[in-house]
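The lines below spell out each chain.
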Amino acid sequence: MLAASWAPLSPAERAVAIEVLTHGPVSRTEIARKLSLSAGSLTRLTKPLIESGLLIEEPAPVSATTRQGRPSQPLDIVADSRYFAGFKVTADTLYGVVTTLKSDIVADRAVPLRTRDPEHVADLVQAMTTEFVAEFPRLAGIGVGIGGQIKGFSRAVASAFLDWQDVPFGDMVERRTGLPVVVENDVAALIESEAWFGAGRGLDRFAVLTIGAGIGYGLILGGQLVRAANDGRGIGRRWIINPNGPLTPDGARGSAVSLLTIPSIRYQVRAATGQDHTYEEILALAAAGDPPAARVVDEAARALGTVVAQIANFAMPQKILLAGEGVGLMDIAGAAVQSAILANRDPLADPFVLETKISDFNDWARGAAVLAIQILVLGRPKD
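Figured I'd write up the structure that's included with this text.

### Section: the overall build of the protein chain
The helix and strand inventory of the protein chain stands at 13 helices and 15 strands. Rg of the C-alpha trace for the protein chain: 23 Å, near the compact-globule value of 21 Å for 383 residues, within the 12% margin. Seen through its principal axes, the protein chain has C-alpha atoms that stretch 70 × 55 × 35 Å. In the protein chain, which comprises 383 residues, the share counted as buried stands at 51%. Of the contacts formed within the protein chain by residues at least 6 apart in sequence, a portion of 61% connects residues at least 24 apart. Looking at the protein chain as shown, the accessible area adds up to about 17,300 Å², and 53% of this sits on carbon and sulfur atoms.

See the structure below:
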């Protein structure tokens, strides 16, 4: 049953499904206009999608029923026609979620890792997937997000923090579960999720900057994620913001990593005070006026504003989304961030929207589930 639910769509059916999935409910007239289809062609394409249970005709709006002729019935995705599992692998925990076809989370789990051995992690994914299938029999695919480089389509994962090198993790999980599996860099997964269902929905140029344990960056142009050979290599370590800035164990002096990541901020405060504080405690101390914490947080805020301005200057996005577990910085030092943005932008430059989203690990797992949704709709790419 699950294999049948993964039947590939034709390119034309795909285009219709994507339009409804990312913008629905949407009228047939609007779909035909956007895709340059005749009414007859659209009817021919949507018929098998409706019969398969992927699409549904919603009741016509009241205003439409008062008009002469056949009322216009909007098309929408049947959200619970299929479910998808998404996993986020951290250094010590496996997070898993189940989403609908519209990416809404309907279940979540978290289990600690006894070891980072790939076989152990794959076994945990299998066990959690078995639990998910018992509750959601129409589970149609799996997505996994990992911090690192993904070579080929789920074939080889290189992750420094997991100490993995060329681990065929997608194949390992697929053999265990019998379900289609896609593995992707976790930041790329989050960006795809936001582009299809979140802050970047409908935008042509959209950037995401994540701050937390590390620095992540990605850019959507023309609705597509820009790919590069250095994806997953941790570009923040060499993204120099202030050459006279702090030197930390991870990242070059004054780099985005040394200034902005949670481990680096904690390291700087510990070096200044001799005391170890959580990130949340440091933000609270800075808000209360504690000199060492306030200095580190202010420097981080100015660095964040500089990075955002650089992205805006060179990528020219319509919106930049700040995400990750470190964006609480905006609550404490948002004014300093905005000041640095203005200082590094031409006053006549095109405006952009800066949006903030605190992402927990379930959000990252949801991003991985969206990858599986994309494979259902777009088909599995070739290596």
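### Some words on the packing of aromatic side chains
For the structure shown, the criterion picks out six aromatic pairs. Consider the rings of F87 and F132, whose centres lie 6.2 Å apart with planes at 35 degrees: the pair is tilted. Placement of the pair is F87 in strand β3 (residues 83-89) and F132 in helix α5 (residues 118-135), with a sequence separation of 45 residues. Between W164 and F169 the ring centres are 5.1 Å apart and the planes differ by 35 degrees, which places this aromatic pair in the tilted class. We classify F169 as buried; its relative accessible area is 0%. A cation sits over an aromatic face here: K88 above W364, 5.1 Å from the ring centre.

### Here we look at the pattern of salt bridges
For side chains of opposite charge, pairing can occur when their charged atoms come near one another. Under the definition given, this model contains 15 salt bridges. Between K88 and D186 there is a salt bridge, with the nearest N and O atoms lying 2.4 Å from each other. Taken together, the residues K88 in strand β3 and D186 in helix α7 (residues 186-197) connect sequence positions 98 residues apart.

### Structural notes on the pairing of strand β11 (residues 205-211)
The buried fraction of β11 is high, at six of seven residues. In this structure, β11 lies alongside strand β12 (residues 215-221), joined through seven bridges in antiparallel fashion. Paired with A207 across the strands is L219, a residue of β12. Linking β11 to β12, which pair antiparallel, is a turn of three residues.

Cut-off values and rules
- Residues numbered from 1 in each chain as written.
- Predicted model: local features only at pLDDT ≥ 70, side-chain atom pairs only at ≥ 80, totals over all residues.
- Heavy atoms only, no water.
- Helix = DSSP H or I, 4+ residues; strand = E, 2+ residues; numbered from the N terminus.
- Rg over C-alpha atoms; globule rule 2.2 N^0.38 Å.
- Buried < 20%, exposed > 50% of the residue type's maximum accessible area, 1.4 Å probe, protein only.
- Contact = heavy atoms within 4.5 Å.
- Areas by Shrake-Rupley, 256 points an atom, 1.4 Å probe, with all protein chains shown as cover.
- Phe/Tyr/Trp six-rings, centres within 6.5 Å; stacked < 30°, edge-to-face > 60°.
- Lys NZ or Arg CZ within 6 Å of the ring centre and 35° of its normal.
- Salt bridge = Lys/Arg side-chain N within 4 Å of Asp/Glu carboxyl O.
- Pairing = 2+ DSSP bridges.

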